[in-house]
Amino acid sequence: MQTKPEETGRDREQVPKDGGSVLGSLKKCVFVLGSALLCLVAARNTITWHVQGLWKASDSFWQHQWGLVYDLFGEDERLLGSLGTLLVPSLVFWLVNGFLLVVDVTGQPAALLRYKIQEEKNVPVDSAKLWKTVKLVLFNQFVVGGLVTVLGAPHLFSWRGMPCGRELPWFHWVVVELIVFVLVEEVMFYYSHRLLHQPFLYKRVHKKHHEWTAPIGIVALYAHPLEHILSNVLPVAAGPVLMGSHVATVWLWFCLALTTTSVSHSGYHFPLLPSPEAHDFHHAKFNQCYGVMGVLDRLHGTDEQFRGNKAYERHIMLLGLTPLSWSVPDKPKVGKEALSCRKTSCHESSCHQTSCHGPRVSSCVLTQDKNQDKTK
């Protein structure tokens, strides 16, 4: 039986050509953002056309639906800006994570387990640890987040002149705003995240989030309340405040942000979804991949280990059904037999080398296997 050569230090430090520069990271970000925005625009136009045909809605389907929501809140713009901003994104968060929890807890559908990144972790999820996580997530959402949203949102909307009216903003302007939101979040999250990894704050605040070295979806909001405000709420809320966005745009952005961070923490690399490899690697190694898109990690050199790991090659959107862990597997470690070969077999077989390291180990094992075959 042949074994693959041992991974050398030089192999571990080798970085794929497309990821060796800031330009490489920027290209990936532009591709991901551009593809997402194109899909958003295309889906919006397609869905609108079909739904209008089926439901015979008004000329502007989305405007009509927003009007229904506006009426549901009794045309109370203060209520829309506070209670609505709290409840709508929270509902989306639990819809997404409800599905992920079913897979994590039951292991069904079994076909989805092959997309798990850390295959032997959380199978199944420990119920006591899960319940502890759920309780803190609910506390952060509805107590910490509730106080911030209900008390702060109306004042922010008023101060920035953020509209909460019946009239929706121009769709293409929403796309521009979303791009700004992503960039603002990248900067604020990266630096707030690195701040939390300073020894003083890590020990007292951020360590709780890292109790999960193999995260699941709801761990996205499993954090110390101070971290929840500093690193979860502020980076996401800063963009809409900066742009003075309509409350409907704020809801859309918060829903997208919560969905993507849930995917990043899910522990699964599903087809057609953003890659969670970088943040999963962060939870496994602690001091790599602090950002969302990877640009600032590349600028500051906080992704060097990641770029030298097979996980970096898997850090793409999966467009097929074959798991990337199958098509781009980790290099196997040297087993006990190979280590034994280093000590004894190289001196007893035809592998007469002064050293039994690296690729020579495989030749020793191969020679040993051949010798065994001859004796049979």
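Scoring rules and cut-offs
Residues numbered from 1 in each chain as written. Predicted model: local features only at pLDDT ≥ 70, side-chain atom pairs only at ≥ 80, totals over all residues. Heavy atoms only, no water. Helix = DSSP H or I, 4+ residues; strand = E, 2+ residues; numbered from the N terminus. Buried < 20%, exposed > 50% of the residue type's maximum accessible area, 1.4 Å probe, protein only. Contact = heavy atoms within 4.5 Å. Areas by Shrake-Rupley, 256 points an atom, 1.4 Å probe, with all protein chains shown as cover. Expected span 1.5 Å × (residues − 1). Phe/Tyr/Trp six-rings, centres within 6.5 Å; stacked < 30°, edge-to-face > 60°. Salt bridge = Lys/Arg side-chain N within 4 Å of Asp/Glu carboxyl O. Axes fitted to C-alpha atoms, helices over the stretch in contact; angles between N-to-C directions. Left-handed = near helix turned anticlockwise from the far one by under 90°. Nonpolar A, V, L, I, M, F, W, Y, C, P; charged D, E, K, R; others polar. Parallel < 35°, antiparallel > 145°, perpendicular 65-115°, else oblique.

Draft legend 1. Inspection of the overall build of the chain at higher detail. Looking only at helices and strands, the chain has 16 helices and zero strands in total. For the chain, buried positions account for 43% of its 376 residues. Counting contacts in the chain only where the partners sit at least 6 residues apart, residues at least 24 apart contribute 71% of the total. As displayed, the chain has an accessible area near 20,700 Å², and 64% of this comes from carbon and sulfur atoms.

Draft legend 2. Molecular detail of helix H3 (residues 61–72). The end-to-end C-alpha separation of H3 is 17 Å, in line with the 16 Å expected for 12 residues at 1.5 Å each. Buried within H3 we find Phe 61, Gln 63, Trp 66, Gly 67 and Tyr 70. Backbone geometry just downstream of H3 places Gly 74 in the positive-phi region, at approximately 65 degrees.

Draft legend 3. Quick peek at the packing of aromatic side chains. In total, this model carries 11 aromatic pairs according to the counting rule given. Consider the rings of Trp 66 and Trp 251, whose centres lie 5.4 Å apart with planes at 70 degrees: the pair is edge-to-face. Here Trp 66, found in helix H3, pairs with Trp 251, found in helix H9 (residues 247–265); they are 185 residues apart in sequence, far enough to count as distant. The exposure classification of Trp 66 matches that of Trp 251, with both residues buried. Ring geometry for Tyr 115 and Phe 270: centres 5.9 Å apart, planes at 65 degrees, overall edge-to-face.

Draft legend 4. Spotlight on the pattern of salt bridges. Under the definition given, this model contains eight salt bridges. Notably, a salt bridge pairs Glu 75 with Arg 166, separated by 3.0 Å at the nearest N-O pair. One end of the pair, Glu 75, is in the loop between H3 and helix H4 (77–106); the other, Arg 166, is in the loop between helix H5 (127–159) and helix H6 (171–196), with 91 residues separating them in the sequence. On the basis of relative accessible area, Glu 75 is assigned to the partly exposed category, the value being 48%. Looking at Arg 166, the relative accessible area reads 34%, which means it is partly exposed. Among the ionic pairs, Arg 314 bridges to Asp 330, the shortest N-O distance being 3.2 Å.

Draft legend 5. Spatial organisation of the packing of H5 against helix H8 (residues 225–243). Packing of H5 against H8 brings their axes to within 11 Å, and their N-to-C directions diverge by 30 degrees. In this structure, the crossing between H5 and H8 has a hand that is right-handed. Residues Phe 139, Asn 140, Val 144, Val 148, Leu 156 and Trp 159 of H5 form the contact with H8, whose participating residues are Pro 225, His 228, Ile 229 and Val 241. Class assignment of the residues belonging to the contact of H5 with H8 gives a composition of eight nonpolar, two polar and no charged.

Draft legend 6. Region of interest: unusual backbone geometry. Residue Pro 109 is reached from Gln 108 by a cis peptide bond, and omega for that bond is -5 degrees. Note that Pro 109 resides in the loop between H4 and H5. Along the chain, Val 123 connects to Pro 124 via a cis peptide bond; the corresponding omega equals -5 degrees. Looking at where Pro 124 falls in the secondary structure, it is placed in the loop between H4 and H5. With a phi angle near 60 degrees, Asn 122 is a residue other than glycine that sits in the positive phi range. Here Asn 122 lies in the loop between H4 and H5. In this structure, Phe 286 takes a positive phi of about 80 degrees despite not being glycine. Summarising the element assignment, Phe 286 is placed in the loop between helix H10 (277–285) and helix H11 (295–300).

Draft legend 7. Spatial organisation of the packing of H4 against H9. Two elements in contact, H4 and H9, have axes separated by 9 Å at closest approach and are oriented at 25 degrees. On the basis of their axis angle, the class for H4 and H9 is roughly parallel. Judged by the twist between their axes, the crossing of H4 over H9 is right-handed. Facing Leu 80, Gly 81, Gly 84, Thr 85, Val 88, Pro 89, Val 92, Phe 93, Val 96, Asn 97 and Leu 100 of H4, the residues of H9 in contact are Val 247, Val 250, Trp 251, Phe 254, Cys 255, Leu 258, Thr 259 and Ser 262. Here the contact of H4 with H9 is built from residues that sort into 13 nonpolar, six polar and no charged.

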